[in-house]
Amino acid sequence: GFVQSALEWIIAEIAIILSGFVAHPTIALSTTVILNNLFLIVIAFSLGTGNASNIRVGKYIGKAQVDKAKRAARVGLYIALMITVVFVLLFYFGRDALPRF
């Protein structure tokens, strides 16, 4: 948890610093910030789905209902997959429209 978050933050900071050393630093820095914001939006949905699934699975394990826990974990994975597919399609088909916002 913490180590992964810290590494993501450090890598994002390094990417922002390195983007200042390219040919057009203003454009590169702007692009980096936009991509980081889009990444954070996607991660927020993923983390929310993962946390909700973990709570549900933990509830079922606490009640010794292993079959329901397995089903809840499977459903959580399917929901996460669907959310990922939606964002991939949104970014792919909206690649020309998104920069205009």
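These numbers were taken from a predicted model, which means no experiment stands behind them. (Residues numbered from 1 in each chain as written. Predicted model: local features only at pLDDT ≥ 70, side-chain atom pairs only at ≥ 80, totals over all residues. Heavy atoms only, no water.)

S.K.: Got a sec to walk through the packing of aromatic side chains? Specific residues and values, please.
M.R.: Scanning all chains against the criterion turns up three aromatic pairs. With centroids separated by 6.0 Å and ring planes inclined at 35°, the aromatic side chains of Phe87 and Phe91 adopt a geometry described as tilted. Separated by four residues within a single helix, Phe87 and Phe91 lie in helix H3 (residues 66-93), roughly one turn from each other. Classification of Phe87 as buried rests on a relative accessible area of 12%. Judged by its relative accessible area of 29%, Phe91 falls in the partly exposed class. With a centroid separation of 5.0 Å and 80° between ring planes, the pair formed by Tyr92 and Phe93 is classed as edge-to-face. Residue classification places Tyr92 among the partly exposed positions, given a relative accessible area of 47%. Given a relative accessible area of 63%, Phe93 falls into the exposed group. A cation over a ring is seen here: Arg95 above Tyr92, with NZ or CZ 4.4 Å from the ring centre. (Phe/Tyr/Trp six-rings, centres within 6.5 Å; stacked < 30°, edge-to-face > 60°. Helix = DSSP H or I, 4+ residues; strand = E, 2+ residues; numbered from the N terminus. Buried < 20%, exposed > 50% of the residue type's maximum accessible area, 1.4 Å probe, protein only. Lys NZ or Arg CZ within 6 Å of the ring centre and 35° of its normal.)

S.K.: How would you explain the packing of helix H2 (residues 25-62) against H3 if you had to name every residue and give the values?
M.R.: Helix-helix packing: each pair is described by the crossing angle between the helix axes and the interaxial distance. With their axes 8 Å apart at the nearest point, H2 and H3 run at an angle of 170° to one another. The orientation of H2 with respect to H3, classified from their angle, is roughly antiparallel. Packed against H2, whose contacting residues are Leu38, Ile41, Val42, Phe45, Thr49, Ser53, Arg56, Val57, Tyr60 and Ile61, the element H3 presents Lys68, Ala69, Ala72, Ala73, Gly76, Ile79, Ala80, Ile83, Phe87 and Phe91 at the interface. (Axes fitted to C-alpha atoms, helices over the stretch in contact; angles between N-to-C directions. Parallel < 35°, antiparallel > 145°, perpendicular 65-115°, else oblique. Contact = heavy atoms within 4.5 Å.)

S.K.: Can you tell me about a positive patch on the surface, naming the residues and giving the values?
M.R.: Residues Arg56, Lys59, Lys63, Lys68, Lys70, Arg71 and Arg74 make up a contiguous surface patch of positive charge. Elements with a contribution of two residues or more to the positive patch: H2 and H3. Tallying contributions element by element places H3 first for the positive patch, with four residues. Tracing the backbone shows Lys63 in the loop between H2 and H3. The class for Lys63 is exposed, based on a relative accessible area of 53%. (Patch = residues over 30% accessible without salt bridge, like charges linked within 9 Å, V, L, I, M, F, W, Y side chains within 5 Å. Areas by Shrake-Rupley, 256 points an atom, 1.4 Å probe, with all protein chains shown as cover. Salt bridge = Lys/Arg side-chain N within 4 Å of Asp/Glu carboxyl O. Lys, Arg positive; Asp, Glu negative; His and termini not counted. Charge placed at Lys NZ, Arg CZ, Asp CG, Glu CD.)

S.K.: For the confidence of the model for the chain, give the residues involved together with the corresponding values.
M.R.: Predicted confidence across the chain gives a mean pLDDT of 87, with 99% of residues reaching 70 or more. No element of the chain has a lower mean pLDDT than helix H1 (residues 2-19), which averages 84, and none a higher one than H3, which averages 93. (pLDDT = per-residue confidence, 0-100.)

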